[in-house]
Amino acid sequence: MVVMDSVYRDNAWKVQKEINRAILGKGELVARIMLAILSGGHVLLEDIPGVGKTTLAVAFARTMGLSWKRVQFTPDVMPSDLTGFSIYRREKEDFVYQPGAVFCNLLLADEINRTSPKTQSALLEVMEEGQVTVDGTTRKVPQPFFVVATQNPLGAAGTQPLPPAQVDRFLISVSMGYPAFDDEVQMAREAGRGRRTDNLPVLSSPLLLQEMQKEAMETYIQESILQYSTALVSATRKHNYLEMGASPRATIALVKIAKAMAWLEGMNYVSPAEVGGVFLDVVNHRIVLNARARREKVTKEQILSEILKTVPKPMKRDSGAYRKSLL
């Protein structure tokens, strides 16, 4: 059943439309990031340098009217650059707190895996709880708050793998990929004319975005769909090719983003199609291949696609019967 029209949903579609004008040929990726934002989650963009990851993050910040800051992660970036620090002021005869880069709506963490594990871990508290604790004092960051982090391929010069605990805090992990040939020709044609993101209109605001999130998260999800989502994630924990399966945080993320997808599509309930449609994006970065998988060159995508095929979809409204079929 389709729900009534929503001004908040209309706004979300308008934002996507404008971003797609600036970021050529990446409509599916723009939609995925919008779903993550509607779900209140963080985004990890993994790809080689130069394909437009930073430009995409800036486009979202500007079009949605969000305050944003960019940190170029290098080995000398310190945790205090992110969380802030206290400095002694002689005129006040006291220590005064200087806010760090996380005090914004959208933090663009550029090339996050080029800095030290200690600095990477400084983001853990703010990504999970929307706050930072410095010198024993806890301070809330502006809401809504998102981290859009770009990451170079592991093994590239100067990269440090993200701690598993931090990777798990990203709601989705997606890749830009190279542009299509015609889109790249258009980029070359416009070279020297300024950036496409410079003229993006402001179509939303932090307050409006919070209303979108609230409405999206009110989308109904049946008990059997909750059990189906849990079964998909659980299947990663006992797979023969995986050293580490996805955590319960993945189940929560899967449910939230499935709600956002249903809402954005104009539905007032979540179906198995929405869950399956975002499963790979939510789980791919949370699992670790074992030695056997690496030896046999089995990919994460192959494993997750197999799980989608083998875990039965709920066909009836009787969630008790569905749960029994899984046991």
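All values reported here derive from a predicted model rather than from experimental measurement.

Conventions adopted
Residues numbered from 1 in each chain as written. Predicted model: local features only at pLDDT ≥ 70, side-chain atom pairs only at ≥ 80, totals over all residues. Heavy atoms only, no water. Phe/Tyr/Trp six-rings, centres within 6.5 Å; stacked < 30°, edge-to-face > 60°. Buried < 20%, exposed > 50% of the residue type's maximum accessible area, 1.4 Å probe, protein only. Lys NZ or Arg CZ within 6 Å of the ring centre and 35° of its normal. Salt bridge = Lys/Arg side-chain N within 4 Å of Asp/Glu carboxyl O. Helix = DSSP H or I, 4+ residues; strand = E, 2+ residues; numbered from the N terminus. Core = buried A, V, L, I, M, F, W, Y, C linked by side-chain atoms within 4.5 Å. Contact = heavy atoms within 4.5 Å. pLDDT = per-residue confidence, 0-100. Polar contact = N/O pair within 3.5 Å; in protein donor to acceptor, adjacent residues only side chain to side chain. Arc of directions from axis to C-beta. Lys, Arg positive; Asp, Glu negative; His and termini not counted.

Q: Talk me through the packing of aromatic side chains; I want residue IDs and the actual numbers.
A: Centre distance and the angle of the planes are the two values used to describe a pair of aromatic rings. Under the criterion given, the structure shown has 1 aromatic pair. Centre to centre, the rings of tyrosine 97 and phenylalanine 103 are 6.1 Å apart; their planes meet at 70°, and the pair counts as edge-to-face. Of the two residues examined, tyrosine 97 and phenylalanine 103, each falls in the buried class. One Lys or Arg, arginine 139, reaches over the ring of tyrosine 97 and ends 3.7 Å from the middle of that ring.

Q: Could you give an account of the pattern of salt bridges, with specific residues and numbers?
A: As enumerated under the stated definition, the model contains 10 salt bridges in all. Across the salt bridge formed by glutamate 28 and arginine 32, the nearest N and O atoms sit 3.1 Å from each other. Taken as a pair, glutamate 28 and arginine 32 lie in helix H2 (residues 27-38) at a separation of 4 residues, close to a single helical turn. Residues arginine 292 and glutamate 296 are paired through a salt bridge, measuring 3.3 Å at the closest nitrogen-oxygen approach. Put simply, Glu128, Asp168, Arg169, Arg249 and Arg286 are held in one network by salt bridges that share partners.

Q: Residues and numbers for the nonpolar core, please.
A: Leu56 and Phe60 are the most contacted members of the largest nonpolar core, which totals 70 residues. Tallying contributions element by element places helix H11 (residues 248-264) first for this core, with 11 residues. Membership of the second largest hydrophobic core comes to 26 residues, among which are Leu82, Tyr97, Ala101 and Val126.

Q: Run through the environment of leucine 44, naming residues and quoting values.
A: Within the secondary structure, leucine 44 sits in strand E1 (residues 42-46). Taking the C-alpha atoms as reference, leucine 44 lies 6.4 Å from isoleucine 172; in sequence the two are 128 residues apart. Setting aside residues no more than four positions away along its own chain, leucine 44 makes contact with Ala149, Gln151, Leu162, Phe170, Ile172, Ser173 and Val174.

Q: For the confidence of the model for the chain, give the residues involved together with the corresponding values.
A: In this model, the chain carries an average pLDDT of 87, and 92% of its residues clear a pLDDT of 70 or more. Segment residues 319-325: pLDDT under 50, and 12 contacts once partners within four positions in sequence are set aside and those in other chains are kept.

Q: How would you sum up the side chain of serine 6? Please name residues and give values.
A: Along the polypeptide, serine 6 turns up in the segment before helix H1 (7-22). Judged by its relative accessible area of 7%, serine 6 falls in the buried class. A distance of 3.2 Å separates a polar atom in the side chain of serine 6 from the backbone nitrogen of tyrosine 8. Within the local environment of serine 6, its side chain forms a polar contact with the backbone nitrogen of arginine 9, the two atoms lying 3.2 Å apart.

Q: Can you break down helix H14 (residues 300-310) residue by residue, with the values?
A: Taken residue by residue, H14 has Ile303, Leu304 and Ile307 as its buried positions. Looking down the long axis of H14, one finds its buried residues gathered within 95° of arc, a one-sided arrangement. On its buried face, H14 sits against helix H10 (223-235), strand E10 (242-244), helix H12 (272-283) and strand E11 (288-289).

Q: Now, about the side chain of arginine 9: what can you tell me, with residues and values included?
A: As for its placement among the helices and strands, arginine 9 is situated in helix H1. Summary of buried charges: arginine 9 has no salt-bridge partner, and the nearest side chain of opposite charge, glutamate 215, is 4.6 Å away.

Q: So what's going on with the environment of glutamine 227? Residues and values would help.
A: Mapped onto the elements of the fold, glutamine 227 is located in helix H10. Taking the relative accessible area as the measure of exposure, glutamine 227 reaches 16% and is therefore buried. Expressed as a C-alpha distance, the spacing of glutamine 227 and lysine 313, which sit 86 residues apart in the sequence, is 9.8 Å.

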